Amino acid sequence: MDLVFAGTPGLIMMLVYGFMILGVGVGIYLKNKKKNAETSSEDYYLGGRSLGPIILFFTFLASVYSGNTLVGFAPKAYRLGFPWVQSIAFMLISSAGFLLYAPRIFPLSKIKKFVTPADWLQYRFNSPALSMIASTVMIYSLANFILAMFVAIGQAVSGITGNSIPYQVGVVFFVAIMITYSFLGGMNSVAYVHFIQGLVLTIGVISLVVGTFYTYGDLASATEFMKVNFPEKIALPDRAELSHWVSVLVFFGIGLPLYPSSIQRVFAAGSLDTLKKSISKMLFVPFVLVGSVMMVGLVAVKAFP
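Residues numbered from 1 in each chain as written. Predicted model: local features only at pLDDT ≥ 70, side-chain atom pairs only at ≥ 80, totals over all residues. Heavy atoms only, no water.

So what exactly am I meant to see when it comes to the pattern of salt bridges here?
Any two side chains of opposite charge can pair, so long as their charged atoms come close to each other. Applying the stated rule across the entire model yields two salt bridges. Across the pair Arg49 and Glu42 runs a salt bridge, and its minimum N-O distance is 3.3 Å. The two residues Arg49 and Glu42 agree in class, both being buried. Of the charged contacts, one joins Lys277 and Asp273 as a salt bridge, the two residues approaching to 3.3 Å between their closest N and O atoms. With Lys277 and Asp273 both in helix H12 (residues 272–282) and four residues apart, this pair spans about one turn of that helix. (Salt bridge = Lys/Arg side-chain N within 4 Å of Asp/Glu carboxyl O. Buried < 20%, exposed > 50% of the residue type's maximum accessible area, 1.4 Å probe, protein only. Helix = DSSP H or I, 4+ residues; strand = E, 2+ residues; numbered from the N terminus.)

What am I meant to see in helix H5 (residues 86–112) here?
Three- or four-residue spacings in an α-helix give side chains the same orientation, since the helix completes a turn every 3.6 residues. Relative to the 39 Å expected for 27 residues at 1.5 Å per residue, H5 spans 39 Å between its end C-alpha atoms, a close match to the ideal helical length. Within H5, the axis deviates most sharply at Ala102, by approximately 40°, and proline Pro103 lies no more than four positions further along. Positioned one or two residues after H5, Lys113 has a phi angle of 60°, which is positive. (Expected span 1.5 Å × (residues − 1). Bend = angle between axes of the 7 residues up to and from the residue.)

What is the right way to look at the nonpolar core in this model?
Across soluble globular proteins, nonpolar side chains show a tendency to be buried alongside one another. Within the largest apolar cluster, 47 residues are counted, with the highest numbers of intra-cluster contacts made by Phe60, Leu61, Tyr65, Val266, Leu275 and Met282. The set of elements that each furnish at least two residues to this core consists of helix H3 (53–64), helix H4 (67–80), H5, helix H8 (167–216), helix H9 (219–229), helix H11 (260–267), H12 and helix H13 (285–303). Core analysis: the next-biggest nonpolar cluster, separate from the first, contains seven residues, Ile177, Val190, Val193 and Ile196 among them. (Core = buried A, V, L, I, M, F, W, Y, C linked by side-chain atoms within 4.5 Å.)

Even after reading the chapter, I still don't get a nonpolar patch on the surface, so can you show me in this structure?
Among the surface-exposed residues, Ile206, Val210, Phe287 and Val288 lie close enough to one another that they form a single nonpolar patch of about 370 Å² accessible area. Mapped onto the fold, Ile206 is located in helix H8. (Patch = residues over 30% accessible without salt bridge, like charges linked within 9 Å, V, L, I, M, F, W, Y side chains within 5 Å. Areas by Shrake-Rupley, 256 points an atom, 1.4 Å probe, with all protein chains shown as cover.)

Structural measurements only, silent on function.
Quick look at the structure:
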């Protein structure tokens, strides 16, 4: 199958997108540099604790729904079938998990000037050893997350461009851009780039669903196909599978909202009202994004049996 973005068009598309997000990050850096002669740790790591509801929502969106949404969730739906509807519940409960702690820790972070999650641990337990251990664990978890994103970047670039741009080149190119705008502008640059990426992700996923249905048929025909050829993909989960679902729900509900990157965004909110508005909007995202890519994976069962 010929890919639209293979060859020169794919190269142009990647370059334009890459330099566009680099330009946004650098532009934010130059704008902030004119305002302040010196940049404090709060300005750099938390965007001056002034992120508004729209920017905060999109930086939550881009950090929670990143490369795994397309590169991971759609193929998983292709392999498992309808039982992967559990993914909507996983992401929904992770968004709800923010409501367990974010509204309570945010006012305290303002008063005590928390910049990192370790600052809260130090305040609560007054143990440098515990703070060091927790920081090490968080760095380790983030390292795994970052490596997964490298894989997602490489797979996306090589896949979209029909390998006109090799996997390794895509990773190096976009990682260099991310390091540059993150280093220059800190959280402000990251947040505004996430705004762009969140829009691109949302528009891209919706376009992907429409294009998939137009090219390969709708979900109803795919379901009938699975009913005849892959009945296990539409079967109800047994008791063992349901117990697995419950355990993963607990894991996602507690784990994802407590990622260091997620806590940083809680600290970066401009106000408690802004934080609550952004989190409440996140509750609708699983149905739109995860549900959409799941349908793509299900239709692919018929398209590529």
